[in-house]
Each structure stands twice: as C-alpha cells, then as structure tokens.
Amino acid sequence: MRKHHRASAPLALLAVLPPALALLGPLVEVAGRLSYWVPVAAFPLGMGVKWLWKGLEGGQTGGQSGLFDGLAAAFGAGLGRFFALLYLLWGHILLSVAARRYALRLSRALGEGRWLYLAVGLLLALWLGRREKPLLARGAKVLLLCALTALGLALLVALPGVEKRNLWPVERVEIAGFLPAVALTVSLSGWGVFALAPPAEGGAEKGGTAWAAVGCGVLALLLLAGVGAFGPALTARMEDPFLYLLEGVRVPGAFRRGEAALCALLALGELALLALLVRGCAALWEGLVPQWQGRGIPVTAGGMFLLAGWWPEEIVTGNFLFWGGLFFGVALPGLACLMRRGKSGEEGASTSCGGQSP
C-alpha cells in the first residue's frame, strides 16, 4: 500500500486560508461591526473540534492510521465504508470549488487563461499530493509565512484608515448575528478535516495550536481593518475585501501591482488546498478500492477540474458548504468520538476518544 504523509500544521493552515478569506464578506454581512471578534470566539471551539477529530484517528495502528481506518474503527467495517464514501464525495465537491477559486485568483493576477491555469493546477496538485514525501509539505512554513507577510503588509496599509464610527456603536441585529457567524467560521473544519485522511508518519506534529491561533488572529485583524476602513455595509458587498485594503497606498499604480502580487501569493495557498484535497481523496480511494492503489483520483479529480472550468458560477451555494462543513467537520467526528468512547467503555480499557484497549 502506498504511504501518504499526514499534512503538517502549517500546510493545513495554508490550505484553510483561501476558504477563510472567502468568508470575510459573509462574516461581515452576518455579524457586522462585531465580525472581527468572531475568529477570537471561534478559536476555543476550533480546539474542541480538534479534540473531536481524535475519534477519526488511531485505527489499528496506534494513532498513525488515516481517516478511512478511523471511520472503520468507530462505526465498523460496513458503516465505516459508507461514511468514507461520503467523505470522498464531499472532498470532490470541495476540490471543484477550490479549483474554480484558484483559476479566478490567477486570472486576476496574471490575466485571463482559465483553462491553462486549471490544467497546470491539476497536474501540480496530482504531483504534490501523491508523492511519497510531498514537496509542498516541506515548504509549507515558508509559503505560509509569505502569505501571512503579504496580508500583514495589507494590514499596515489599512490600519491608519480605520475609523471608530465604522466599529461603534453595535446594532442589535449584529449582536443577534454573532453566534451564527461563529458557526460559519467553525464550518471551515469541513475543509481542514482532510488533513486527517492520509495516515500519519512519525506521530503528530507539535505546534498546531499556535499556528491556529496565528490564523485566527490574522483573520480577526483583516476583519477589523476592512470594517474599520470601509464600514460593514460596503465590506459585506466586496468579493475580496482584503484586496481593497491596498488602495490606501499613495503610489501611482501601486494598487494594481500590489493586488496582482497578493493574488499570486495567495494562489500558493489555493494550490496547497488542491494538493491536500487530492492527497486526502487518494487515501480514501485506496481504502475503498485497495486494488486500485489510489489510481482513481486522477480521473475523478480531472472531472472536477473540468466542471470548475465549464461552470460559470459557484458550483454549490454557501449554505451547502456551511451545512456540509459542520456535518463532515464537526457532527460526524463527534459521533465517531462517542462511538469510540462507547466501545472503549465496553472493553473497560480506554479513557480518551482515540485510545485503544490493551
């Protein structure tokens, strides 16, 4: 069986960065002037989700197995295969959504060329996602630091333009929308759960909590800068609010050049997401059809990239991604956690979700 290396914490954060940035407008639309507090409130909930994910780890290989083995250990062979198939279908939907965003990002940075960008993205995602030691995982920290630095520079440009009247007073409807906005942020776990799909090599990586805190902090500052500079009504209507933060640079042509450079850097995050989804889906393919050894993923992933090129609008709605993210990122892992605890209790030998009986 082919070995897959579990995604590192920086790679997982780099891969979740694009869908998180796509949520800036919707978060402001729901929570308004309180939106920049949403990532702060979502951080402890995210740590709870991370704990729930233990129910999807540690099949019969002492915590080193992937999502497929974790589902089988929690639900049994038959039901585990069914849920693995659902995760595979969900992964392909996300792959198509991510491929479309990747092509649009490069089109904004380099000019029109959607089909070329999709073809190159597919080949790179298949190459990076199926190698024994993915090159993207090795350079994840460098790529993540580049993306965070670019966003940080945009923040430095925008912070002087933040106006207090855009942040206060808070309206009652914004208070009512705060908890739904937190749930919207937690739904990103439906993307991040694919970091569990390949079996781990060498144990869990440390520092995941710190990287998650950095990601939530950057998202909160971007929301603060956007709402403070443009106001909640205008920010909610922007497709990519963080790009407009560069308009504050008082150098002719700096906005256009800065926007293109930022889009190109964030396209690396899109590519990381594509590689992570391809790698996760390949591991699920290998579990469902072992004799294929994951060879089904080039055909099905190619189909999703073609769909992303042919379909002019978003392939699925935001509500679908929201409920799907909560189901696959929170509900199913929580149910698996309960099932694992129940089995451990019956055997009288374990005290944690991911534990094993002696």
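Residues numbered from 1 in each chain as written. Predicted model: local features only at pLDDT ≥ 70, side-chain atom pairs only at ≥ 80, totals over all residues. Heavy atoms only, no water.

A closer look at the overall build of the protein chain
Turning to step 1, where the next piece is worked out: Each helix and strand counted, the protein chain has 17 helices and 0 strands in total.
Turning to step 2, where the next piece is worked out: By residue count, 52% of the 358 residues in the protein chain fall in the buried class.
Turning to step 3, where the next piece is worked out: Put simply, of all contacts in the protein chain between residues at least 6 apart along the chain, 82% involve residues at least 24 apart.
Turning to step 4, where the next piece is worked out: For the protein chain, the computed accessible surface area is about 16200 Å², with 66% contributed by carbon and sulfur atoms. (Helix = DSSP H or I, 4+ residues; strand = E, 2+ residues; numbered from the N terminus. Buried < 20%, exposed > 50% of the residue type's maximum accessible area, 1.4 Å probe, protein only. Contact = heavy atoms within 4.5 Å. Areas by Shrake-Rupley, 256 points an atom, 1.4 Å probe, with all protein chains shown as cover.)

Some remarks on the packing of helix α2 (residues 24-31) against helix α10 (residues 178-186)
Turning to step 1, where the next piece is worked out: Their axes nearest at 8 Å, the elements α2 and α10 cross at an angle of 160 degrees. The angle between the axes of α2 and α10 places the two elements in the roughly antiparallel class. Crossing angle aside, the handedness with which α2 passes α10 is right-handed. For the pair formed by α2 and α10, the contact residues are Pro26, Leu27, Val30 and Ala31 on the first element and Phe178, Pro180, Ala181, Leu184 and Thr185 on the second.
Turning to step 2, where the next piece is worked out: Its residues assigned to classes, the contact of α2 with α10 comprises 8 nonpolar, 1 polar and no charged. (Axes fitted to C-alpha atoms, helices over the stretch in contact; angles between N-to-C directions. Parallel < 35°, antiparallel > 145°, perpendicular 65-115°, else oblique. Left-handed = near helix turned anticlockwise from the far one by under 90°. Nonpolar A, V, L, I, M, F, W, Y, C, P; charged D, E, K, R; others polar.)

Comments concerning the side chain of serine 187
Turning to step 1, where the next piece is worked out: Position of serine 187 among the secondary structure elements: in the loop between α10 and α11 (189-192).
Turning to step 2, where the next piece is worked out: Within the structure, the side chain of serine 187 is placed 2.4 Å from the backbone oxygen of leucine 184, a separation counted as a polar contact. (Polar contact = N/O pair within 3.5 Å; in protein donor to acceptor, adjacent residues only side chain to side chain.)

Here we look at the confidence of the model for the protein chain
Turning to step 1, where the next piece is worked out: Per-chain confidence: the protein chain averages 77 in pLDDT, with 76% of residues scoring 70 or above.
Turning to step 2, where the next piece is worked out: Averaged pLDDT values for the elements of the protein chain fall to 62 in helix α7 (residues 135-138) and rise to 92 in α10.
Turning to step 3, where the next piece is worked out: Note that residues 59-64 has pLDDT below 50 and, in this model, 14 contacts with residues that lie over four places away or in other chains.
Turning to step 4, where the next piece is worked out: In this model residues 249-255 is a low-confidence stretch, pLDDT under 50, and it forms 8 contacts with partners more than four residues away in sequence or in other chains. (pLDDT = per-residue confidence, 0-100.)

Some points on helix α4 (residues 67-75)
Turning to step 1, where the next piece is worked out: Inspection of α4 places Leu67, Phe68, Gly70, Leu71, Ala74 and Phe75 among the buried residues, and these make up the whole buried set. Projected down its long axis, α4 carries its buried residues within an arc of 165 degrees, all on one side.
Turning to step 2, where the next piece is worked out: Immediately downstream of α4, the backbone of glycine 76 shows phi near 95 degrees, a positive value. (Arc of directions from axis to C-beta.)

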